Structures are given as C-alpha cells and as structure tokens.
Amino acid sequence: MQAWKHWRLEHTPNASDHSGLAFLYFDKSYADGSEKTNTFSSEALHELADVCAQLKRNPPKALAIFSAKENGFAAGADIDEFTRFKGAEEAFAFTSLGNEVFDQVAALPFPTLAMIHGFCMGGGTELALACRYRIMDDGAKSKMALPEVMLGIVPGWGGAKRLPELIGAAQALDLMLTGRGVDGKKAKRMGLVDDVTPRRHFANAAKVFLAKPRAPHQPAFREAITNWPIIRGLVANMSRKTVAQRARKDHYPAPYAIIDLWEKFGGDPRAVPASDPISIQSLFSHPTAPNLIRIFKLQDRLKALGGSAGAAAGAEDFHIKHVHVIGAGVMGGDIAAWCALRGFKVTLQDLDHGRIAPAIKRAAEAYKKRLKLPHLVQAAMDRLMPDVKGDGVAHCDLVIEAIVENAEIKKNLYAAIEPRMKASAILATNTSSIPLQELSIGLARPERLVGIHFFNPVAQMMLVEIVEGPGTSAETMQRSQAFVKKIDKLPLPVKSAPGFLVNRILTPYMTEAQVMLAEGISAETIDAAAKEFGMPMGPIELADVVGLDVGLAVGRELHKPGNPQPARIQELVEAKKLGKKSGEGFYKWVNGKPQKAHGSGTVDLAPLWMRMTLPAVNEAVACVREGIVADADLCDAGIIFGTGFAPHRGGPLNYLRATGKEKLLAEMKSLEQQHGQRFIADAGWATL
Ligand code: NAI
C-alpha cells in the first residue's frame, strides 16, 4: 500500500487475490477526517499525477479507481479553490492542470476502470471518462452528471471532448446543457457506463471485469454520426435553438460556450484563444459565473442551517418521525405528500373525507411519476394516512397546520388540539401572512409555535421559511430547520413580521407591475421587461399562476398607507377570474398557457424593469436592516430559492452591490419624483 494525502494505492503485483491488479482509492484528506466528500483541489490533482507516474514506472495488469467516501465517487472540482482565484488566468491554469492530469490517466498503458457509487459530478465524471471503463452502483442515489453549466462554466477537464466521443454528441450535449444527472440504469442504456452492480459487490466486480476486459464502448452508428464534421454544424445549431428557449446568451453564456467548445475546438478549452468569448478566462470574467458559484455556496449554507449547526438538535436527533398535517388543500395536501415521499409517517386531517381524497389522489399520481417501481409507490402511499378524526394529533411529533388563512379559525383549532399534543411535539403553521405574535395568543406553550412556510408548488420550490415568533424557543427553531433539511428542502430562518422575507420582497415588485398595467402598459410588455432583467417569468403571468385571490390577500396584508392599490386584481377576483386555475385572470389561459397578444415591440424595456425591481431591492435592504433575516447573503439566497429571482444577478442585494449604490439611489430619487413615496430609499441604504 502506498499513500498520499488524498489517495491510497494498493498494488501487490504477485498477490493471489488481485492477480496483478492495482486498486486506487480517492479519499480526500482521510488522515485528519476533515473532508466527507471527494473534491478535486490542485493538490489532489498533483497527487493523482504522481500516482500516474508511479503506475507507469511499475505498471499493474489493470487499475480500478474507487472512492473511499460513503457519499459518492467525487463531487467535482473544489469550489472553494474557485472562489480564491485572483483572476481569470488562475481559473485557466486550474482548468489546464485538470486536463493534463486526466490526460495522463487516459494515456495509462493498461486497462483502467472507474467504480462509481453515490454522486459523481463534474470532475468526478471527467475522471471516470478518462478511464477506459466504468461500472456504476445500481442504487437510486447514484448519479452521474456534468453540472458545470449550472455554475456558469463548461466541463473543462476533458468532459466536453470525451463524453460526445463515448455516447454521441446529441446525448452528450443534452447532459452537458441541462446538467441533469443519470442513474446507473440510464447511464448503461446511454453507453456512459459498461456495467451496473450493487456497491457491495464492487471489489469482486472490478476483479472479474478486469480479468477479461472487453473492447471499450463505442457509440452506435446513429450516435456516432452526430460527431461527423458534416453533421456537427447541424447538431450544434439545433442545440443552440433549444438553449435559446431557456436562457439568453447575455445572461447565461455557458451553455452557448459548451456548444461552441465542442463544435469548434473538439471540447478542449486549452485550444480556445483567451480573447474568445467562450474561453475559460472570458467565462470567469463574466459576472454570471461568480454569481452562480456564490449561489451554489449559499445553497450549502442553507443546508448547513438544518444540520450540524447547534449539535444539541442536529439533523439526526431532531426527534420527528410522525407528522400530522391539518388542512388537505393546495398546500397541506402537497406538504403531506412530500413528507411521506421523504420517508415520514404522515396523517392528513381535514373537515371531511371528500376534502382529503383529492390530495391522496394527487399524491398517488406524483409518486407513480417519481418512484416508478410499484413497491416503492405502495410504501409511500402506506406512509400517507387520511385521518378525518385527527387521531394523529395525540401521537405525532410535529403538527403542520395549513387551513384557511384566518387568524380566528386557526386559533380555535390550536385551542382544540394543543391539550392533546405530546409535550415534545412542535406546532407549526404554514400561514403566509399572519404574524406568529397573533397566533400564539392563548397557547399554553407558545415556545413550540413556529412557522414552517412552504412555497407553492410544494414539490418544486426548494425554500422553506422557518419563522421565529417572539415566543418560539431556540430548540423549536433548530428542530424545525433539521426537519426541513431532512425532507430535502432548504430551511431559511426568518423573524415573524408581515410577509416574512420572501413575500415581503416580492409584493412591491408585483404591485408595481400592476400599477404599470393600470397606466396602460401592456401585460406582454411588462412581462417581457421582467424577463429581460432575468426573471424566469413575468410578474403579470406569475400573478395568474399563483392565483389572483392569493395575490390580492397578500397584497392587502402588506399594503402600506399612501401606496397605490391596483383595482384590476380585485375586479378580476370578484368576477371569479382567478388566473390560471380558473382559465382566466390578467391573461386567458388555454391548455395551461397564457394567451399573449403580441411581443414587447421596440419599447426600451430597461426603464420598466428598473421601476419594477427597485422596490424589491429597497425592501430587501429594509429586511436586512430590521434583522428579518440574518444577513444580506441569506436574504439573496431566500429570494432566489423562494422565487427564482434572476439567478445570474445573484439576488437583489448582490445586484445592488454590482450596479453600485449611488447609481441605484439616483434611480430611486428620479422614480420617487415621478411616482411618489414608495420609491423613498429605506434607511438601510445609508449603512450599506
Ligand atoms: P386551501 O383553501 O386550498 O386549503 C385549506 C384547507 O383547510 C381546506 O381543505 C379546508 O377544508 C381545510 N380546513 C379549513 N378549516 C379547517 C379545520 N378547522 N380543520 C381541518 N381542516 C380545515 O388553502 P391553501 O392555499 O392550501 O392555504 C392553506 C394555508 O397555507 C394558508 O394559511 C395559506 O396562507 C398558506 N399558504 C398558501 C400558499 C398558496 O400559494 N396557496 C402558499 C404558502 C402558504
């Protein structure tokens, strides 16, 4: 056995058990146990180059590479190293290093095999691609992906070259441009891996496979031709069209760069001139990559808020096994279904069976789509139990109340259930606007009341606000955060104030859009302006999707005296035109699509998006000043994961920093003169 800081090599040429094979284990910083996940730092890459040199001097019959970490093969490049780059040239040097080392792996003069379990992302997949063969674990949690596009960069360590060669350009571009992961079964079907087997058989599987290695995988003819020079341009153009439907080039240059890199430079970033807009230097100099990398790190920070932070009630000992959800409507039904999907025992209560049945039906359909295998669907359904009588109240560890948005009705319910709850059980409300101060009146134990505020649609929205009322105990907060992490959502602790964080920041933006509509600017133009800023959907369309009744209620709750209250939304609600769900709102909806009359024409959209987004930025400043959220980074994370706010801009406060305080304050002043007090800069700007 030979050991480096991050790698261990077992190579016993004459030992009977290995028959001349070498086993290499990737085990980042194993000696001090400081890393649970394998990532490629420069140091780990340099060591791998040493391993290659050693293996060349003393070649085994074949080599198998394993990860010694429980969670997966490798998560890709060390993102912390990215954030320390002092300039684009350092980013390029890191890219070149990875390329050179993986080229050395690819050039080893004997069969090489990657044994992949758990997550295998970015650089992990690129190392696996540099091997001659790949075997993958068959578990649902094992995933291979090249997700660089999500960080605003390209698969730069040979992935953009080797993946198209292995499985054809059409499949490879699809994986690289979406960043999506594939499990073992799918990977085998695509030709990405040679075999699939449970991890517990890995050592044996590697020996058997390498005892008689087959010819390396070749793509089928119909896949191989997508790499041919005459077809290449066609495939590239088709991919560009698909990408254009999802992302603008000025906001997200990376997907376009991936296509060019493959089409024009054979997937090798070292061949791209530094001045080319698709070079590593250009991508790292563009604001999008640093912003997306920051968001990626903020996501980790949110996850950590549900984990080891506060060891007293860490992720593993938060004592929640049984969740009782009251209210089986849009939110409660889906919250219950999600918790059962994630392994919790769930009882679901409503006023009668007829109101619970649709939620159970929705859950069954969702489970079939997600879980596919009938025994898994059945197990999830068995965990989700209708409970009209509310028997679950007495046995559960967590009640999630999601009944109508009415403080009196909610308080009456709490008075009825609190005496029946276990002493240790948490009482959570999904209210979107009622302050916890009010809901806690009359409770015997206000310390266990917390807001666990999900966003709609529950299955898709990552963020969950954990709302701290004046009486909420630290233990209740911590257990709630740990619970939310356990159901694979991102917990964001916020203070209880009207609208909490996300709705409070979103509302002035949505209201301004409606004021503009009332002034005669078309819905289509307003939505186009927001999309030009980078919102995934315009505010008028979004209002229709959320439901105008919901939007009206939130808008009223958060209305500030002296600000305009657009009348049209109320007229539409009175006419039962509630948006997408009723077939008409601001737009008419046909087959789930808004019927937009025209594009935005030649209108200059920048002043329009400036006018809509600045009230949101201003509110974000106020939230940080008031301590609604711990800091500006978490504020940005909340808005991005709760609403999809222009990710490439890195959130409202990052946008403020990037654009410059003075410039935006001047815009606010000018808007204040034109439109009034709602554009007065919050006191928080002064201390930014
Ligand atoms: P909904 O109207 O779809 O569902 C409410 C359900 O509660 C109904 O099925 C009703 O029969 C039931 N219910 C009423 N009183 C009850 C009682 N005493 N005991 C048992 N069940 C009772 O409402 P939705 O939209 O699901 O909202 C529920 C809560 O979630 C509200 O507090 C709302 O503010 C909040 N919320 C709503 C969001 C949305 O987009 N709709 C987003 C985030 C939070």
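Not measured: the values here are computed from a predicted model.

Visitor: Describe the overall build of the chain, and please don't skip the residues or the numbers.
Guide: Looking only at helices and strands, the chain features 29 helices and 20 strands. Relative to the globule expectation of 26 Å for 688 residues, the C-alpha radius of gyration of the chain, 27 Å, shows essentially globular dimensions. On the principal axes, the C-alpha backbone points of the chain span a range of 80 × 60 × 50 Å. Split into buried and exposed, the 688 residues of the chain put 55% on the buried side. Taking the average place of the 82 positive charges on the side chains of the chain and the average place of its 74 negative ones, the gap between the two points comes to 5 Å.

Visitor: I'd love a proper account of a nonpolar patch on the surface, names of residues and values included.
Guide: A contiguous nonpolar patch, built from F221, W228 and I230 and spanning about 400 Å² of accessible area, is present on the exposed surface. Classification of W228 as partly exposed rests on a relative accessible area of 39%.

Visitor: Summarise the packing of aromatic side chains; cite the residues concerned and give the values.
Guide: Under the counting rule described, the total for this entry stands at 19 aromatic pairs. For the pair F344 and F483, a centre-to-centre distance of 5.1 Å together with 70° between the ring planes defines the contact as edge-to-face. Pair noted here: F344 is in the loop between α14 (330-341) and β12 (345-349) and F483 is in helix α20 (residues 474-486), with a separation of 139 residues, a long-range link. Of the two residues, F344 and F483, neither departs from the other in class, the shared state being buried. Joined through ring pairs, the aromatic side chains of W7, F26, F40, F82, F85, F94, F102, W157 and F284 make up one cluster.

Visitor: Describe the pattern of salt bridges, and please don't skip the residues or the numbers.
Guide: Inspection of every chain in the model, using the stated rule, returns 45 salt bridges. Between R445 and E447 there is a salt bridge; the shortest N-O distance is 2.9 Å. Overall, the relative accessible area of 29% leaves E447 in the partly exposed class. Between E672 and K669 there is a salt bridge; the shortest N-O distance is 3.4 Å. Taken together, the residues E672 and K669, both in helix α29 (residues 661-675) and 3 residues apart, mark about one turn of the helix. A relative accessible area of 25% means that E672 is categorised as partly exposed. Residue K669 is classed as partly exposed on the basis of its relative accessible area of 46%. When salt bridges that share partners are traced, they join R504, K560, E619, R625, E626 and D682 into one network.

Visitor: Lay out the site of the ligand in plain terms, naming residues and giving numbers.
Guide: Taken together, 18 residues form the shell around the ligand, and within it M331, D350, E405, K410 and S432 come nearest. Between the ligand and D350 there is a distance of 2.7 Å, counted from an oxygen atom to a side-chain nitrogen or oxygen. In the environment of the ligand, an oxygen atom lies 2.8 Å from a nitrogen or oxygen atom belonging to the side chain of K410. In isolation the ligand has 830 Å² of accessible area, and contact with the protein removes 81% of it.

Visitor: Quick rundown of the packing of helix α10 (residues 229-246) against helix α11 (residues 253-265)? Include the residues and the values.
Guide: Each pair of packed helices gets described by two things: the angle between the helix axes and the distance between those axes. Between α10 and α11, whose axes approach to 10 Å, the crossing angle comes to 175°. Judged by the angle between their axes, α10 and α11 are roughly antiparallel. Taking contact as the criterion, the partners of R232, G233, V235, A236, S239, R240, V243 and A244 in α10 are, on α11, P255, Y256, I259, D260, W262 and E263. Across the contact of α10 with α11, the residue classes break down as 8 nonpolar, 2 polar and 4 charged.

Each value, and the rule that gives it
Residues numbered from 1 in each chain as written. Predicted model: local features only at pLDDT ≥ 70, side-chain atom pairs only at ≥ 80, totals over all residues. Heavy atoms only, no water. Helix = DSSP H or I, 4+ residues; strand = E, 2+ residues; numbered from the N terminus. Rg over C-alpha atoms; globule rule 2.2 N^0.38 Å. Buried < 20%, exposed > 50% of the residue type's maximum accessible area, 1.4 Å probe, protein only. Lys, Arg positive; Asp, Glu negative; His and termini not counted. Charge placed at Lys NZ, Arg CZ, Asp CG, Glu CD. Patch = residues over 30% accessible without salt bridge, like charges linked within 9 Å, V, L, I, M, F, W, Y side chains within 5 Å. Areas by Shrake-Rupley, 256 points an atom, 1.4 Å probe, with all protein chains shown as cover. Salt bridge = Lys/Arg side-chain N within 4 Å of Asp/Glu carboxyl O. Phe/Tyr/Trp six-rings, centres within 6.5 Å; stacked < 30°, edge-to-face > 60°. Near = heavy atom within 4 Å. Polar contact = N/O pair within 3.5 Å; in protein donor to acceptor, adjacent residues only side chain to side chain. Axes fitted to C-alpha atoms, helices over the stretch in contact; angles between N-to-C directions. Parallel < 35°, antiparallel > 145°, perpendicular 65-115°, else oblique. Contact = heavy atoms within 4.5 Å. Nonpolar A, V, L, I, M, F, W, Y, C, P; charged D, E, K, R; others polar.

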